[in-house]
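Single-letter residue listing:
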Amino acid sequence: MFRFSLLLIGSTILSGACGGQGEDAAVRPPVTLTGEAKVKWDTLCVTCHGNKGTGDGPSAAPLAVKPRSFGDATWQGSVTDEHLAKVIVEGGKAVGKSELMPANPDLANKKDVVAKLVKKVRSFRP
Ligand code: HEC
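Residues numbered from 1 in each chain as written. Predicted model: local features only at pLDDT ≥ 70, side-chain atom pairs only at ≥ 80, totals over all residues. Heavy atoms only, no water.

(A) A look at the side chain of Asn104. Inspection of the secondary structure puts Asn104 in the loop between helix H5 (81-90) and helix H6 (111-122). Residue classification places Asn104 among the buried positions, given a relative accessible area of 6%. When residues no more than four places from it in sequence are discounted, the contact partners of Asn104 are Lys40, Leu44, Ile88 and Val89. (Helix = DSSP H or I, 4+ residues; strand = E, 2+ residues; numbered from the N terminus. Buried < 20%, exposed > 50% of the residue type's maximum accessible area, 1.4 Å probe, protein only. Contact = heavy atoms within 4.5 Å.)

(B) Structural detail: the pattern of salt bridges. Inspection of the entire model under this criterion finds 6 salt bridges. Salt-bridge contacts for Lys86 lead to Glu90; the nearest nitrogen and oxygen are separated by 3.2 Å. Of the two residues, Lys86 and Glu90 are both situated in helix H5; the distance of 4 residues between them amounts to about one turn of the helix. Residue Lys86 is classed as partly exposed on the basis of its relative accessible area, which comes to 33%. Note that Lys93 is salt-bridged to Glu99, the shortest N-O span being 3.8 Å. (Salt bridge = Lys/Arg side-chain N within 4 Å of Asp/Glu carboxyl O.)

(C) Broad picture of the coordination of the iron atom of the ligand. The protein atoms that coordinate the iron atom of the ligand are His49 (NE2) and Met101 (SD), at distances spanning 2.0 to 2.1 Å. Metal-centred angles of 87 to 178° between the 6 donor atoms at the iron atom of the ligand mark the site as octahedral. In this pair, His49 sits in helix H3 (residues 35-49) while Met101 sits in the loop between H5 and H6, placing the two residues 52 residues apart along the sequence. For Met101, a relative accessible area of 23% corresponds to the partly exposed category. (Donors = N, O, S within 2.8 Å, 3.2 Å for Na, K, Ca; no water. Tetrahedral: all angles 85-135°; square planar, octahedral: opposite > 155°, others 65-115°.)

(D) Here's a closer look at the packing of H3 against H6. Orientation of H3 relative to H6, taken along the N-to-C sense of each, is 55°, at an axis distance of 9 Å. Judged by the angle between their axes, H3 and H6 are oblique. Handedness of the crossing formed by H3 with H6: right-handed. Across from Glu36, Ala37, Lys40, Trp41 and Cys45 in H3, the residues of H6 making contact are Val113, Lys116, Leu117 and Lys120. In terms of residue class, the contact of H3 with H6 is made up of 5 nonpolar, no polar and 4 charged. (Axes fitted to C-alpha atoms, helices over the stretch in contact; angles between N-to-C directions. Parallel < 35°, antiparallel > 145°, perpendicular 65-115°, else oblique. Left-handed = near helix turned anticlockwise from the far one by under 90°. Nonpolar A, V, L, I, M, F, W, Y, C, P; charged D, E, K, R; others polar.)

Right, here's the structure in full:
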């Protein structure tokens with residue numbers, strides 16, 4: 001899958017724009033999660049944030065505060081990766097947002113898992 005993605009962004013790599021992150025590539029490769037990050041995303045995050053990050057997962061319906069769409073470019077540009085990592089580990093309340101965004105204290109010492117989830121959130125950037 002990753003190899004396939006690389007083929008898709010082959011032109012980007014050839015132009016020397018690939019810094020190993022693929023973060024600001026003109027064509028952003030789809031993020032395929034693995035391991036614990038995948039389990040978290042598939043079993044928890046999507047229930048509220050939805051498969052496409054639009055905030056319309058089934059568990060979001062009854063919430064007083066709805067998750068925003070991760071596809072909101074203005075919002076994406078307004079938050080740092082550090083902020084996203086903090087929200088994911090410490091919950092919405094830790095950054096002055098709704099406590100309906102739950103904390104994930106089990107990820108506190110799993111920087112790699114958190115980094116993958118941050119990357120996933122970034123992948124919805126238009
Ligand atoms: C119970 C529902 C629920 C679950 C599960 C959930 N979230 Fe959220 N999330 C929310 C809500 C509601 C907000 C909006 C908070 C606000 O804007 O005040 C939010 C906001 C966010 C934000 C944006 C914070 C900001 O500064 O605007 C990110 C990033 C995020 N969630 C990531 C995740 C990730 C990653 C997971 C899985 C580990 C996850 N969420 C699981 C409900 C949820």
